[in-house]
Amino acid sequence: MWNVLALDGSNWQRVDLFEFQKDVEGPVVENLSKRCGGFLKSLSLRGCQVITDQALQIFAEQCRNIEALNLNNCKKITDLTCESLGRHSHRLMKLDISSCPELTDNSLKAISTGCKYLEHIDISWCVNMTDDGVDILTKACPRIAVFICRGLQHITDYGIEQLAIHCSNLKKLNVQGCQNVGDEAIAAVSNHCRGLVSLCLSNCTRVTDTALQALGTGCHNLRTLEVSGCTHLTDSGFQSLTRNCHELQKMDLEECIQITDATLAHLASHCHRLSALTLSHCELITDEGIRHIGSSPSSSETLTVLELDNCPLVTDVGLEHLVNCTSLQRIELYDCQLITRAGIRRLRNRLPNLRVHAYFAPVTPPPSVGGGRQRYCKCCVIL
Amino acid sequence: MRLYSLTVAYKGSDGVVKQLKAAHELSSFGYFQRGSVREFMDFTSKILIERTAMCSRSSVKEQEYICHVYVRQDGLGGVVIGDHEYQQRVAHTLLNKVLDEFTQRYSSTQWPVLKESDVNFPQLQEYLQKYQNPKEADAMTKIQTELDETKIILHNTIEAVLQRGEKLDDLVEKSEGLSLQSKTFYKTAKKTNQCCIIL
Amino acid sequence: MEDSRGPRLFADLNHAFRKDPVIDEYDFLPVTEPQNNASPLLLVEHKLGLELWSVRLLFRYAYNRLMTWRDRNQPSSFIDPQELTNLTRAVLLIQPDCYTAWNIRKELIDNGDLSIADDIRLGQLILTKFPKSSETFIHRRWIFQRLVNQCLSSSNDSTASADGHHDNGGALLCMDGIDIALGPDANVGPNVNGGEAGRRAGGAKVNAALPLESSRLLAENLHRELSVCERAADSYASNYYAWTHRAWVVQHCFNCSLRVLLGELERTQTWTMKHVSDHSGFHYRQFLLTSLSQRASRLHRQYAKSLSSLIDAEHDFICDLINSFPSHEALWYHRKFVFHMMMSSSTQQPLAEDSAAVLNGDVLHGAVLKSDGQKRSRLEHHSPNVLKQEELDSVRKTVSQTKESFQKTLAKRYQECSSTPIFKITFTVDRRCTPPDSHYDPAARDIVRVLTAGSLATGVRVYLIRIQLLDLAVQSGVAWSSCHQHYTSLHPCFSDPASGSGSPVWGSLVILSPALHQSSSMFFRSSC
């Protein structure tokens, strides 16, 4: 009975071979494609490093109704794969080709010719891709709402401007580590993509307060903003941002080394839905800033995660200000060298469900793992 | 064949020992261990001079190290710590030489009041370096032959030198010269099966 | 519940290596619990210190993640290659004998996800903390073998026509080429002559044909590898792992190039002088001398150096050491080896001599040299009997003059040995062939016990043993008993070693085991 079901391709609409990544080879994919044919809607080959163009060409021909395809880390595939996708996979909506270093702008061009309904694309770490490819793709695929291109040095302000102009539905943009993306790109996004919900600019080191001002003007629905490592940002930028973007829920400000308690005061008074805040390595933050966070309306209701690791000025007094954050589930305190065991104990007495992460041993030490020991310690086997 | 430390100390008539100058060559130890090793060598040198009678010599083995001690009639004492390959005869000849030169530099009346920080005796470090070289050491033994090796008292451990009822662990625990880190170092090193301590 | 500090410590470690990619030493600091809420990793002057309490947490985290990923029986989450590289690094820094981690790194190298240079650097770092880590050395052999193969495979075609005059074919030519490319920083003896220059030109041509990247890596690392071994040998007494590895590098990567052999002979002189009680260094010199003896004619052709002059110099060296540093057993053993070598290289046919002849299978080749020696050394002037007399006189002098009792004992023992026939038997026990559950040491003891008792068939579970006895080599799979019969017929006194009558003198029984857990050499004898 199971055998019959298994052989019937119609039962195979979603296939994720990710768990078997180490063993999946070309023939597996070829057979699967033949069996499932038009029924297959979603396939993940993430991490299947041995898969080649040949297998995927057969797949594209056989499974023309594919809607979501994940090829992350299929390092061997080349533009040929994308050419057959463009030729056959007209229903493709979601495509992840991140970490496929062989792919070039030709892939984007090929996809743009066939996949008009594309909504979600991830081209992170495809190091050969440039503005030209993005330009062609976004012109042809106006439905794109999620665009992820982490770590691409050839993507500049121009590419992102084209994206903003052509895809005004953009909800989520991630340009982490694209060092040539700066304020102009963000200005264009703010102008055209008013519905933007999530933006990651981490390690885009050229970004300044101008970008934050632009976001404040255009993207009032912003919920997630990640700007870790954007060292030019200051309190005044965050002031303009928070005045207008009241929906912010998740903020990653790691290593925004210029910000002070003032930014925290702005956040506390304007952004009442804040649930996760990262302030790691913001070395100017003091107990006073923590007091603002602890006394804001969001603190007791929504704030669940607070990361304060490597904030050297924060002391036990700062922790006292957090006792009203009843929703807080996790706090990071690594390397806050002024924090003591006693301070942590006091906080935990008030918030017993809070997970406090510090270098001190957790209050309830995890039971030591027995049995497995001999596996890693030769000499103990003998004794 | 290595020398690790060379120490000159003064043992007063009341038996109290004061280190006058010490030189170390610890490059063969790990970077992070050097501080503790140095403290331990000074510590060991001190307790050995304390427990060696005036006008006597001894060589004390401790694991792969050997400490050669000589305390003169006038209370001036020296300790050289080397590995087990280093020749006893050379070590004791070196001690003679160093103590003689120290006496030339500072007279015996000065010893009780000298402070270690004021002592200027760069020869100590020079000798420690020079006699690392086996060839130099060899040359010296050929020149100086008056040493009577039969009078050197041999001990197999430091514990053997200690007085009745004394324990090395207690001395380590009580010592002011050893930092907390060195004491922990001593305790962990004592557990022989090191890899199991870590995991 | 998992300790949340694991991932953080792991991140801290990775951060340290990002911040300082040339960390050259690390250690565990004796801090058993966190003193304050500060990172337990300390980075000063390229040295990394980890507080003891964190080592365990870090290891547990990295090891569990790695092993869960590796376990093919359960679905595991994707770990990208960079993360795997970092995880294996964390595990190996703490437990370098975890071969699974090394194997993962091998795969990463094969996939091009890990640079060989980085991997070599990690091994080097680990050896500063664990100078005796056998898995680290084994992994390094794999890397170097790989580099050598890469160099060879792409240059073999181009050199096939040119290697006629070399005894070992393309491989040899190629390796000499690499050796020469290293010329400037190589430790070369003073005897580089015109013939050398000729080789240099030929070698450079070959070298140009090698794939650039791997030959550059190989060139950069081979000589450094010799220093790595020296440092490891320095930091742990009797570090046979390090010396065996060094011998392997000389054999397999330098292909016993004469230039390297001579350079090493000179270079290790200082080391042995500073470690007179450590037999491991002398053992390496014995390897060098034996290798040189096997290439004596080339040595003469290319360096105008006779083997006997080298042996002569070694004899002077060791006698000097014995006089300067009395009472060290290792020195006397080395003297015995050198003396055997002297005897056999001065004797055309050791078996034909009287009962005082010295038999040594390893160094028979040395005898060939005599015919074309022009600059005759002392050794070549004298017959074995004269040499032997000289040696005995010199030892007798030591016995009568020395004041140290142990030195006297050693000298007497040496005297007795060198006045009676010596058989040197070398067993090479292949690791793959020892039963996996038994440590080598008991096996070695077994062999010794069994040999002395004369019952060769029982109790030994060694499946492949190569015996070199005189010029007799009995290869793979031959049963113990048949070997026994073989040399029983050769020399009747082997027939029953246990019975007093006609039993041989087991002069020196050296048991060597490259790349094994324990390498021990033993020496014992009984009266004739």
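Residues numbered from 1 in each chain as written. Chains lettered and ligands numbered in written order. Predicted model: local features only at pLDDT ≥ 70, side-chain atom pairs only at ≥ 80, totals over all residues.

Chain C goes by Protein prenyltransferase alpha subunit repeat-containing protein 1 in an unreviewed UniProt entry, where it is assigned to Batillaria attramentaria. The annotation that UniProt attaches to chain C under Sequence similarities (unreviewed entry) is "Belongs to the protein prenyltransferase subunit alpha family." (UniProt positions renumbered as here; feature names shortened; annotations may be inferred.)

Looking at an unreviewed UniProt entry, one finds chain A named F-box/LRR-repeat protein 15-like leucin rich repeat domain-containing protein and attributed to Batillaria attramentaria.

Chemist: Just to check I follow, could you spell out the overall build of chain C for this structure?
Modeler: Counting its secondary structure elements, chain C contains 20 helices and seven strands. Split into buried and exposed, the 528 residues of chain C put 39% on the buried side. (Helix = DSSP H or I, 4+ residues; strand = E, 2+ residues; numbered from the N terminus. Buried ≥ 20, exposed ≤ 12 C-beta atoms within 10 Å, placed from the backbone.)

Chemist: Just checking my understanding: could you explain the overall build of chain A for this structure?
Modeler: Along chain A, the regular secondary structure elements total 16 helices and 14 strands. Every one of the 383 residues in chain A was classed for burial, and the buried ones make up 49%. Across chain A, every contact between residues at least 6 apart in sequence was considered, and the portion connecting residues at least 24 apart equals 84%. (Contact = placed C-beta atoms within 7 Å.)

Chemist: Explanation requested: the sheet that holds strand β2 (residues 17-24) of chain B in the structure shown.
Modeler: As a general point, the strands of a sheet are linked pairwise by backbone hydrogen bonds and lie either parallel or antiparallel. Residues and elements named next belong to chain B. Within the open sheet, the six strands sit side by side as β2-β1-β5-β4-β3-β6. Their pairing is mixed. The open sheet has two edge strands with one neighbour each: β2 and β6 (152-155). Taken over all neighbouring pairs, the strand axes of this sheet differ in orientation by 20 degrees on average, direction set aside. Looking at chain direction, strand β1 (residues 3-11) and β2 are connected through seven bridges and run antiparallel. From the neighbouring strand, L6 faces β2, where its bridge partner is A23. Sheet strands touched by helix α1 (residues 34-50): β1, β2, β3 (56-62), β4 (65-71) and β5 (76-83). Its angle to β1, the strand with the most contacts, is close to 45 degrees. Strand contacts of helix α3 (residues 123-130): β1 and β2, with the helix running at about 145 degrees to β1, the strand carrying the most contacts. (Pairing = 2+ DSSP bridges. Axes fitted to C-alpha atoms, helices over the stretch in contact; angles between N-to-C directions.)

Chemist: What is the right way to read helix α12 (residues 287-295) of chain A from this model?
Modeler: Structural remark: α-helix, 3.6 residues per turn; residues separated by three or four positions point the same way. All names here are of chain A. All of the buried residues in α12 are G289, I290, I293 and G294. Angular distribution of buried residues about the axis of α12 spans 140 degrees; they occupy a single face of the element. Where α12 is buried, its residues meet α11 (261-270), α13 (297-301) and α14 (316-320). (Arc of directions from axis to C-beta.)

Chemist: Would you mind showing me how to read helix α12 (residues 279-294) of chain C here?
Modeler: The terminal C-alpha atoms of α12(C), which comprises 16 residues, lie 23 Å apart, in line with the 22 Å expected from a rise of 1.5 Å per residue. Most of α12(C) sits inside the fold, with 13 of its 16 residues counted as buried. (Expected span 1.5 Å × (residues − 1).)

Chemist: How do you make sense of the sheet that holds strand β3 (residues 47-51) of chain C when you look at a structure like this?
Modeler: All names here are of chain C. Strand order in this open sheet of three strands is β1-β3-β2, and the pairing throughout is mixed. The two strands at the open ends of the sheet, each matched to only one other strand, are β1 (25-29) and β2 (41-44). On average, adjacent strands in this sheet sit at an angle of 20 degrees to one another, irrespective of strand direction.

Chemist: How should the UniProt feature "domain: F-box/LRR-repeat protein 15-like leucin rich repeat" (unreviewed entry) in chain A be read in this particular structure?
Modeler: The positions that UniProt labels "domain: F-box/LRR-repeat protein 15-like leucin rich repeat" (unreviewed entry) are, in the present scheme, residues 40-217 of chain A. Note that residues 40-217 of chain A is 39% helix and 12% strand, and that its end C-alpha atoms are spaced 43 Å apart.

Chemist: Before we go on, may I ask you to explain the packing of helix α5 (residues 105-114) of chain A against helix α6 (residues 131-140) of chain A in this structure?
Modeler: Packed helices, taken two at a time, are described by their axes: the angle between them and the distance between them. Residue and element names in this part refer to chain A. Running from N to C, α5 and α6 cross one another at 10 degrees; their axes reach a closest spacing of 8 Å. If you check the angle between α5 and α6, you find them roughly parallel. Here α5 contributes D105, L108, K109, I111 and S112 to the contact with α6, which in turn contributes D132, G133, V134, I136, L137 and A140. (Parallel < 35°, antiparallel > 145°, perpendicular 65-115°, else oblique.)

Chemist: What's the story with the confidence of the model for chain A in this structure? I'm lost.
Modeler: Detail in the predicted coordinates should be disregarded across regions flagged by low pLDDT. Per-residue pLDDT for chain A has a mean of 88; in total, 89% of the residues score no lower than 70. Contacts for the low-pLDDT stretch residues 365-383 of chain A, under 50 throughout, to residues beyond four places or in other chains number 19 contacts. (pLDDT = per-residue confidence, 0-100.)

Chemist: Explanation requested: the confidence of the model for chain C in the structure shown.
Modeler: Residue and element names in this part refer to chain C. Averaged over every residue, the pLDDT of chain C is 69; the share at 70 or more is 60%. Per-element averaging of pLDDT across chain C places strand β6 (residues 472-474) at the bottom with 28 and helix α1 (residues 5-19) at the top with 95. Within the model, pLDDT remains below 50 along residues 159-210, and this stretch shows 79 contacts once partners closer than five positions in the same chain are excluded. Overall, residues 348-375 carries pLDDT values under 50, and its contacts beyond four positions in sequence, including any with other chains, amount to 71 contacts. For this predicted complex, the interface score ipTM comes out at 0.84, alongside a pTM of 0.77.

Chemist: When you look at the pairing of β2(C) in this model, what are you seeing that I'm missing?
Modeler: In the case of a regular strand, side chains alternate between the two sheet surfaces. All names here are of chain C. Sheet topology note: the β2/β3 ladder contains four bridges and is antiparallel. Note that in β3 the partner of L42 across the bridge is G49. In sequence, β2 turns back onto β3 through a hairpin of two residues, with E45 there showing a positive phi of about 45 degrees.

Chemist: Where do I start with the nonpolar core in this structure?
Modeler: Soluble, globular proteins show a tendency: their nonpolar side chains are buried together. Ranked by internal contacts, the top residues of the largest apolar core, which has 135 residues, are L58(C), A62(C), V91(C) and L261(C). The dominant element in this core, judged by the number of residues it contributes, is helix α15 (residues 329-345) of chain C, at ten residues. Residues I111(A), F238(A), L333(A) and I344(A) belong to the second largest nonpolar core, which totals 115 residues. (Core = buried A, V, L, I, M, F, W, Y, C linked by C-beta atoms within 7 Å.)

Chemist: Explain the environment of E184(A) to me, please; I cannot follow it from the model alone.
Modeler: All names here are of chain A. Along the chain, E184 falls in helix α8 (residues 183-192). C-alpha separation for the pair E184 and D16, spaced 168 residues apart in sequence, amounts to 39 Å. Beyond its immediate stretch of four places on either side in the chain, E184 contacts D157 and E161.

Chemist: In this structure, what is going on with the environment of Q163(B)? I would like to understand it.
Modeler: Residues and elements named next belong to chain B. With respect to the secondary-structure elements, Q163 resides in the loop between β6 and α5 (168-174). Note on Q163: 7 C-beta atoms within 10 Å, which makes it exposed. For the pair Q163 and Q63, spaced 100 residues apart in sequence, the C-alpha to C-alpha distance is 20 Å.

Chemist: Where do I start with unusual backbone geometry in this structure?
Modeler: Glycine aside, a negative phi is what most residues show, and trans is what most peptide bonds show. Residues and elements named next belong to chain A. Backbone geometry at N310 places phi at a positive 60 degrees, although glycine is not the residue there. Relative to the helices and strands, N310 resides in the loop between β12 (305-307) and α14. A residue is classified by how many C-beta atoms lie within 10 Å of it, and N310, with 20 of them, is buried. Positive phi is not limited to glycine here, since D335 has a value of about 65 degrees. With respect to the helices and strands, the residue D335 is situated in the loop between β13 (330-332) and α15 (341-350). On the basis of neighbour counts, which here come to 21 C-beta atoms within 10 Å, the residue D335 falls in the buried class.

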